[in-house]
Amino acid sequence: MYNLLRCLCLFAGAGLLGLAPASVPQAHGQENAGTQTNQKIPVMDGGVGPCSVTLSVIGADGKPVAAADVKVHVAYGFAGIRKLDLEAGTNSEGKVKFTGLPSKVRRPPLQFQASKGGLSGVATYNPESECEARHDITLSPARSSPEQ
């Protein structure tokens, strides 16, 4: 009986002290108040800082690109020893949001690389100068490497 009570107290104490397991970055939806269709913007939470960027991926024709893949590599902390690789897909309106980004990164700006099929594009974002930002990425045909 004593051991059972002791176990319960340890679990209760851990909960009160906030000793919950560390969270892993996860994508989740968020309401988009700026559109009439109430389309949810996919959100990728890095969980390491206060900054965020909302990206709109558009094609060369000016139309939003749905299901585009957006990636970013983040190096932060002392000497950039901590690393974070995030990836998310756009919604039907070509939008995706990355939250929980650090305010200081090694070798800014961050480069968000978007691609779909044979199209690709890049947006740069410096969280030190713009912690909350919105950027567009225009996709164009990927350049082929010169043949030798």
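Residues numbered from 1 in each chain as written. Predicted model: local features only at pLDDT ≥ 70, side-chain atom pairs only at ≥ 80, totals over all residues. Heavy atoms only, no water.

Caption draft 1: Looking closely at the nonpolar core. If you look at the biggest cluster of nonpolar residues, it comprises 26 residues, and the most contacted ones within it are Leu55, Phe98 and Phe112. Every element with two or more residues in this core is listed here: β3 (51-58), β4 (69-76), β5 (82-89), β6 (95-101), β7 (110-116), β8 (119-125) and β9 (132-138). Here Leu55 is in contact with Val70, Gly94, Lys95, Val96, Phe98, Phe112, Ala123, His135 and Ile137, once residues within four sequence places are set aside. (Core = buried A, V, L, I, M, F, W, Y, C linked by side-chain atoms within 4.5 Å. Buried < 20%, exposed > 50% of the residue type's maximum accessible area, 1.4 Å probe, protein only. Helix = DSSP H or I, 4+ residues; strand = E, 2+ residues; numbered from the N terminus. Contact = heavy atoms within 4.5 Å.)

Caption draft 2: Spatial organisation of the state of the cysteines. Scanning all chains against the criterion turns up 1 disulfide. One disulfide bridge connects Cys51 with Cys131, the sulfur atoms lying 2.0 Å from each other. One quick way to see it: the torsion about the S-S bond of Cys51 and Cys131 is about -105°, and its sign makes the bridge left-handed. Residue Cys51 is located in strand β3, and its partner Cys131 is located in the loop between β8 and β9; the two are separated by 80 residues in the primary sequence. (Disulfide = S-S within 2.5 Å.)

Caption draft 3: Structural view of the packing of aromatic side chains. One pass over the full model with this rule turns up 2 aromatic pairs. An aromatic cluster is built from Phe98, Phe112 and Tyr125, whose rings are joined through pairwise contacts. (Phe/Tyr/Trp six-rings, centres within 6.5 Å; stacked < 30°, edge-to-face > 60°.)

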